[in-house]
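This is what each chain is made of:
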Amino acid sequence: MASLVSHPDEVRVVSKRFGQGATNIDRYLELDGYKAVQKALSMQPDAIINEVKNSGLRGRGGAGFSTGMKWSFVPKQSAKPKYVLCNGDESEPGTCKDRLIFEHDPHAVIEGVMIAAIAVGSHTGYIYIRGEYRYLSIIMQKAIRDAYAKGFLGKNIFGSGYDLDIFWHGGAGAYEVGEESALMESLEGKRGIPRIRPPFPAVVGLWGGPTVINNAETLASVPHIILGGAEWFAGLGTPKNGGTRLFCLAGNLNKPGVYELPMGYNLKKMIYEVGGGIPNGRALKAVVPGGSSTPILTAAEIDVAMDFDGVAKAGSMLGSGGVVVLDDSNCMVKFALRTMKFYRHESCGWCIPCREGTDWLEKTLKRFHSGGGVMKDIDNIYYLSENMLGKTFCPLGDAAAMPTMAFVKKFRKEFEDHLEGKPCPFEKASTLAPLPVFA
Amino acid sequence: MKFSQEFESRFTEMLGHYPTKRSVLVPTLLYAQDEVGSLTDEVILELAQRLDLTELEVRNVISYYSLLSTKPRGKYNVQVCTNIACMLVGGEQLLDHCKKKLGVQHKGTTADGMFTVEEVECIGACSWAPAIQVNYDFHENLTIDRLDQVLDEYKKKGKQ
């Protein structure tokens, strides 16, 4: 079990049942569980969608698209069955929030899927959980079984005449599967390779049927919105960024952990007050604000409101909420290399700019860090990244390119300090062995 | 080939969850691997037949997912995360220590078949880094000493 932390500035909405024994369905019911779905059953589907739209809830998986808007794209009439798919393939480095939701409040995810299904007129939902999270899959499968046993799922739920089935589905290790169309491919039993869009999943998704795909945190937020109201939820955050966010604080921090804070919470305060500051008397060097795909911010750039618009204004992205903090002992070339090693490993290989680009970037960064870099490589790294941006089949290419461009732009001197013959200034020369590359 | 009753129950139940048989493939491969130890030719043929797929289609899926393997692994698959959050707080040192202690390289298995060591990408333990996963068990906030204890506990357990 992952350990829980707390801070007085936290506003617990999605995490309010953490540590409360809510994996037990009776306890979940005591804690207002399944009230929201019953309320939703008494509402018109459009009213549910409008409530979610007005709440300002934006996708917590990374893209930050309006959840209510996404639901409204599903056609009302469809010859094919409609589906709701919970994306629990949490794999973005720096991010571990959905893990806590599945561990402590699985019924909230089920309830969120149910409300989404009622809103769009779907009768089948799937909760996809990454393969590494086996213990969470067991928790989720039990929660689903318990919900069926109570008559909350299956035929005629809550005596409403509405039939709804929800199933668990397990992954087997692939970051790319977190991309919504790749997730559908994986659920259909194939390699998790993205589909060309349009058509978008809302119109042509799983098995060709209209499909809503939302991140687990997004769906777990929905029951609270239906019970508490759009106005209340929107008021917790900032304009156009409703609610709270589970922030995963990691890296060189005294108090790392997953904290639920209002949207728009100041990043500097998050690092120094919530996260307890930098250990061992060291100075802050940089922060990855929203998972490994988001451009890094320097220590001088952290006076930022942590909502989608605030971080975008600072030249980065809120992404999946993974805040990774680096102290001044870290080498940015090495950090760039480790980041690229991940994207090279996880590129599905479907399109050339991503497959070749990530491979080339990893090789160059590796040579660079090993003391074999030449001046023109620095511009080439930037130029190649820039040319991957927006030119790949899915956002994985962008996810590799965007942080790399920021590393070069903001820490160019460190790249220059690694030019041919110069040992890494952050490591002893004897430790300059190349980093291992995956077989 | 014969799987356990538990596998068969899961397989049959999951078939009822989807409009196409093929959808059970990914989770089923993982269950089969857990039971057999690896995705052998026999397992691949069996699942291909059950799901009306070619062996090539099944192999094509296996090669994509990092948790799936056609090669046998040790009784305990020690997966050490060295991705950014773990790297910043000692993930690489854990990997080095693990390899030295067990005398194997990345994806190597000890002579007694007890441990396989594997460097892996993010396992979702960033706020509790550095972390490893042994089979499906997470071990987090590790130090070298704690890692030694964890490995020793598995070694003891494996000999019982």
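Just above sits the structure.
Thresholds applied
- Residues numbered from 1 in each chain as written.
- Chains lettered and ligands numbered in written order.
- Predicted model: local features only at pLDDT ≥ 70, side-chain atom pairs only at ≥ 80, totals over all residues.
- Heavy atoms only, no water.
- Pairing = 2+ DSSP bridges.
- Helix = DSSP H or I, 4+ residues; strand = E, 2+ residues; numbered from the N terminus.
- Axes fitted to C-alpha atoms, helices over the stretch in contact; angles between N-to-C directions.
- Contact = heavy atoms within 4.5 Å.
- Patch = residues over 30% accessible without salt bridge, like charges linked within 9 Å, V, L, I, M, F, W, Y side chains within 5 Å.
- Areas by Shrake-Rupley, 256 points an atom, 1.4 Å probe, with all protein chains shown as cover.
- Salt bridge = Lys/Arg side-chain N within 4 Å of Asp/Glu carboxyl O.
- Buried < 20%, exposed > 50% of the residue type's maximum accessible area, 1.4 Å probe, protein only.
- Core = buried A, V, L, I, M, F, W, Y, C linked by side-chain atoms within 4.5 Å.
- Buried area = accessible area lost by both parts, 1.4 Å probe.
- Polar contact = N/O pair within 3.5 Å; in protein donor to acceptor, adjacent residues only side chain to side chain.

### Quick look at the sheet that holds strand E2 (residues 124-129) of chain A
Residue and element names in this part refer to chain A.
- The strand order across the open sheet built from 4 strands is E3-E2-E1-E4, with neighbouring strands paired in parallel fashion. Only two strands of the sheet have a single partner each, and these edge strands are strand E3 (165-170) and strand E4 (211-215). Taken pair by pair, the neighbouring strands of this sheet meet at an average axis angle of 20°, ignoring direction.
- Here strand E1 (residues 83-88) pairs with E2 via 6 bridges, running parallel. Residue pairing across strands places Val84 opposite Gly125, the latter belonging to E2.
- Relative to E3, helix H7 (residues 134-149) is tilted by about 165°, and along the sheet it contacts E2 and E3.

### A look at a nonpolar patch on the surface
Residues and elements named next belong to chain A.
- Taken together, Phe65, Met69 and Phe73 make up a surface patch of nonpolar side chains, about 280 Å² in accessible area.
- Mapped onto the fold, Phe65 is located in the loop between helix H3 (45-54) and helix H4 (67-72).
- The exposure class assigned to Phe65 is partly exposed, which follows from its relative accessible area of 42%.

### With respect to the nonpolar core
All names here are of chain A.
- Formed by 120 residues in total, the largest nonpolar core has its most connected members in Trp71, Ile110 and Ile127.
- At 11 residues, helix H6 (residues 106-120) tops the list of elements feeding residues into this core.
- Ile296, Leu326, Ala336 and Ala406 belong to the second largest nonpolar core, which has 38 residues in total.

### Notes on the interface of chain A and chain B
- Each partner contributes residues to the interface: chain A has 65 residues there, and chain B has 47 residues.
- Of the roughly 4,500 Å² buried where chain A meets chain B, counting both sides, 58% is carbon and sulfur surface.
- The three residues of chain A that bury the most area against chain B are Arg134, Arg191 and Arg338 of chain A, which together make up 16% of that side's buried surface.
- One can count 5 salt bridges joining chain A with chain B.
- Across the salt bridge formed by Glu92 of chain B and Lys334 of chain A, the nearest N and O atoms sit 2.8 Å from each other.
- Taken together, the connections running from chain A to chain B amount to 27 residue pairs in polar contact (both at pLDDT 80 or more).

### A look at the pattern of salt bridges
Residues and elements named next belong to chain A.
- Inspection of the entire model under this criterion finds 46 salt bridges over all chains.
- For the salt bridge of Lys70 with Glu180, the shortest nitrogen-to-oxygen distance reads 3.3 Å. Here Glu180 lies in helix H8 (residues 180-187) and Lys70 lies in helix H4, a separation of 110 residues in the sequence.
- Take Lys70: its relative accessible area is 23%, and that puts it in the partly exposed class.
- Between Arg197 and Glu180 there is a salt bridge, with the nearest N and O atoms lying 2.9 Å from each other. Pair noted here: Arg197 is in the loop between H8 and E4 and Glu180 is in helix H8, with a separation of 17 residues, a long-range link.

### As for the side chain of Glu132 of chain A
- Within the secondary structure, Glu132 of chain A is located in the loop between E2 and H7.
- By relative accessible area, which is 8% here, Glu132 of chain A ends up buried.
- Leaving out residues up to four positions away in the same chain, Glu132 of chain A has contacts with Gly173 of chain A together with Leu67, Gln133, Tyr136 and Phe138 of chain B.

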